[in-house]
Amino acid sequence: MAALLMVPRQRKERIFRGMVSHLNNLTDNEMRIRYRFGRDSIAYICNIVGDKLRRSTAKETALTVEQQVCIALRFYASGSFLQVIGDTMGYDKATVSRAVNDVTNALLDVKDNFIQWPKDINSKNRMKCGFHRQMNFPNVLGCIDCTHIKIQGPSEDEAAFVNRKGFHSVNVQAVCDYEGKFTNISANWPGSTHDSHIFNTSNLCHYLETNNRGLADGLILGDSGRQYCRWEYTSDTVFSIKFQVRMKPEKVCRVFGACAVLHNIALTRNEPLEDVCGVHVQQDQPVQVPNFEGEQDGRHIREHIARVFFN
């Protein structure tokens, strides 16, 4: 009798909210403000990762490649909460999470096509000529530094992620070329890890040691955290990224790798560099350094360049 008197439970109707294509409804400038990329570059990214993101279903509610890429780019560009991204773009939080995860994995799968250390003679010579033309600094293959990506304290091994400045972070090592493109990334160490240890255990260090290249190939400019290395000069910090996300450390590392790929794509496609406020960033102009006529070793050349820049 009681069962007959029970009111049937009303199932909540599912609402599918689709995103109108921003490739058609926004100007390039409006798209760059939201996604850091213009229309053609977003189409280029969709083409790169399309095979990995295309859904094998005929459902009208399935996200297109473009939609997934735009969701992820919005997250990368803003660093906001997944819930906020979903509310802004008209998607559920779980949908945003899956899209960000899938696009991140797809970008990491093609990472080696965009982040490459110069190994053949032509690539090395091009790199050296670029640095010399830009800064009149001879025999340079790259600039190296570490940067701390701020994260929320993880529940596991929390103390290891507290860096020397007292906040939780992942310590990321990056090497860039004369154009500011990444040529090597190591993004899997907690904030307490010293810069020298990251370099000493990196695939770049292993490559240099295994191939016994050292100064025979060229120099890597870095700060004093890696001055023991025979193929480096010591110099001031030359490269830094400020980036903050709210997720687990292992996901932060993957997101950073994906953003490094996107950074190189942006430079390759000549996307204008803008900060979060939309102010254009001026590229450094070449600096004229007089030729050094003294003893041609690392220490004397470094001191000569330091006098030019800091006196």
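You'll find the structure just up there.
Nothing here was measured: the structure is a model prediction, and the numbers come from that model. (Residues numbered from 1 in each chain as written. Predicted model: local features only at pLDDT ≥ 70, side-chain atom pairs only at ≥ 80, totals over all residues. Heavy atoms only, no water.)

S.K.: Help me out: how do you make sense of the overall build of the chain in this one?
M.R.: Regarding its fold elements, the chain presents 13 helices and five strands. Counting across all 311 residues of the chain, residues that qualify as buried make up 46%. In the chain, of all internal contacts separated by at least 6 residues, the share reaching a separation of at least 24 is 59%. Summed over all atoms, the accessible surface of the chain reaches about 18200 Å², with 49% contributed by carbon and sulfur. (Helix = DSSP H or I, 4+ residues; strand = E, 2+ residues; numbered from the N terminus. Buried < 20%, exposed > 50% of the residue type's maximum accessible area, 1.4 Å probe, protein only. Contact = heavy atoms within 4.5 Å. Areas by Shrake-Rupley, 256 points an atom, 1.4 Å probe, with all protein chains shown as cover.)

S.K.: Would you mind showing me how to read the packing of helix H5 (residues 65–78) against helix H6 (residues 82–89) here?
M.R.: Relative placement of two packed helices is described by the angle separating their axes and the distance separating the axes. Across the interface, H5 lies against H6 with an axial gap of 10 Å and an inter-helix angle of 125 degrees. On the basis of the axis angle, H5 is oblique to H6. In the packing of H5 onto H6, the handedness of the crossing is right-handed. Along its contact with H5, which presents Cys 70, Ile 71, Arg 74, Phe 75 and Ser 78, the element H6 presents Leu 82, Ile 85, Thr 88 and Met 89. Classifying every residue of the contact of H5 with H6 by side-chain character gives six nonpolar, two polar and one charged. (Axes fitted to C-alpha atoms, helices over the stretch in contact; angles between N-to-C directions. Parallel < 35°, antiparallel > 145°, perpendicular 65-115°, else oblique. Left-handed = near helix turned anticlockwise from the far one by under 90°. Nonpolar A, V, L, I, M, F, W, Y, C, P; charged D, E, K, R; others polar.)

S.K.: Please clarify how a negative patch on the surface should be interpreted in this entry.
M.R.: Taken together, Glu 156, Asp 157, Glu 158 and Glu 250 make up a surface patch of like negative charges. Along the chain, Glu 158 turns up in the loop between strand S1 (140–150) and strand S2 (169–176). (Patch = residues over 30% accessible without salt bridge, like charges linked within 9 Å, V, L, I, M, F, W, Y side chains within 5 Å. Salt bridge = Lys/Arg side-chain N within 4 Å of Asp/Glu carboxyl O. Lys, Arg positive; Asp, Glu negative; His and termini not counted. Charge placed at Lys NZ, Arg CZ, Asp CG, Glu CD.)

S.K.: I would appreciate a short explanation of the nonpolar core in the present structure.
M.R.: What tends to happen in soluble globular proteins is that the nonpolar side chains get buried as a cluster. Formed by 52 residues in total, the largest nonpolar core has its most connected members in Ile 42, Val 69, Ile 71, Leu 73 and Tyr 76. Mapped onto this core, the elements with two or more residues apiece are helix H3 (28–35), helix H4 (39–53), H5, H6, helix H7 (93–109), S2, strand S3 (182–190) and helix H12 (249–268). Per element, the largest residue contribution to this core is 11 residues, and it comes from H12. Leaving out residues up to four positions away in the same chain, Leu 73 has contacts with Arg 34, Tyr 35, Phe 37, Ile 42, Ile 45 and Leu 262. (Core = buried A, V, L, I, M, F, W, Y, C linked by side-chain atoms within 4.5 Å.)

S.K.: Teacher, can you tell me more about unusual backbone geometry here?
M.R.: Among all residues save glycine, negative phi is the norm, and among peptide bonds the norm is trans. The phi dihedral of Asp 157 is positive, around 55 degrees, even though this residue is not glycine. Residue Asp 157 is classed as exposed on the basis of its relative accessible area, which comes to 55%. Positioned with a positive phi, Asn 270 is a non-glycine residue whose angle comes to about 60 degrees. Checked against the element boundaries, Asn 270 lands in the loop between H12 and helix H13 (298–310).

S.K.: How do you make sense of the packing of aromatic side chains when you look at a structure like this?
M.R.: For any pair of aromatic rings, the description rests on two quantities: the centre-to-centre distance and the angle between the ring planes. As enumerated under the stated definition, the model contains two aromatic pairs in all. The interplanar angle of 70 degrees and the centroid separation of 6.0 Å between the aromatic rings of Phe 131 and Tyr 178 together place this pair among those described as edge-to-face. Of this pair, Phe 131 sits in helix H9 (residues 121–135) while Tyr 178 sits in the loop between S2 and S3, and the two are 47 residues apart along the sequence. Each member of the pair, Phe 131 together with Tyr 178, is buried. (Phe/Tyr/Trp six-rings, centres within 6.5 Å; stacked < 30°, edge-to-face > 60°.)

S.K.: What exactly am I supposed to notice about the side chain of His 148 here?
M.R.: Looking at the element boundaries, His 148 is found in strand S1. Separated by 2.9 Å, the side chains of His 148 and Ser 169 make a polar contact. Once residues within four sequence positions are removed from consideration, His 148 is found in contact with Asn 163, Arg 164, Phe 167, Ser 169, Val 170, Asn 171 and Gly 191. (Polar contact = N/O pair within 3.5 Å; in protein donor to acceptor, adjacent residues only side chain to side chain.)

S.K.: Looking at this structure, how should I read the environment of Tyr 91?
M.R.: Tracing the backbone shows Tyr 91 in the loop between H6 and H7. Spatially, the C-alpha atoms of Tyr 91 and Ile 71 are 9.2 Å apart, while their sequence positions differ by 20 residues.

S.K.: Just checking my understanding: could you explain H4 for this structure?
M.R.: Helical geometry note: an α-helix holds 3.6 residues per turn, so side chains three or four residues apart project in the same direction. At Asn 47, H4 shows its strongest bend, of approximately 40 degrees. Among the residues of H4, those classed as buried are Ser 41, Ile 42, Ile 45, Cys 46, Val 49, Gly 50 and Leu 53. (Bend = angle between axes of the 7 residues up to and from the residue.)

S.K.: Before we go on, may I ask you to explain the pairing of S1 in this structure?
M.R.: In regular strands, side chains alternate between the two faces of the sheet. For S1, the buried fraction is high: 10 of the 11 residues fall into the buried class. As judged from the three bridges shared by S1 and strand S4 (residues 219–222), these two strands associate in the parallel manner. Within the sheet, the bridge partner assigned to Val 140 lies in S4 and is Leu 219. Examined bridge by bridge, S1 and S2 share eight bridges and lie antiparallel to one another. Within the sheet, the bridge partner assigned to Ile 149 lies in S2 and is Val 170. (Pairing = 2+ DSSP bridges.)

S.K.: Even after reading the chapter, I still don't get H7, so can you show me in this structure?
M.R.: The end-to-end C-alpha distance of H7, which contains 17 residues, comes to 24 Å, matching closely the 24 Å that a straight helix rising 1.5 Å per residue would cover. Taken residue by residue, H7 has Thr 95, Val 96, Ala 99, Val 100, Val 103, Thr 104, Ala 106, Leu 107 and Leu 108 as its buried positions. At its buried positions, H7 is contacted by H4, H5, H6, helix H8 (111–114) and H12. You can read the cap of H7 off the contacts: a side-chain oxygen lies 2.9 Å from the backbone nitrogen of Ala 94, and it is on Asp 92. (Expected span 1.5 Å × (residues − 1).)

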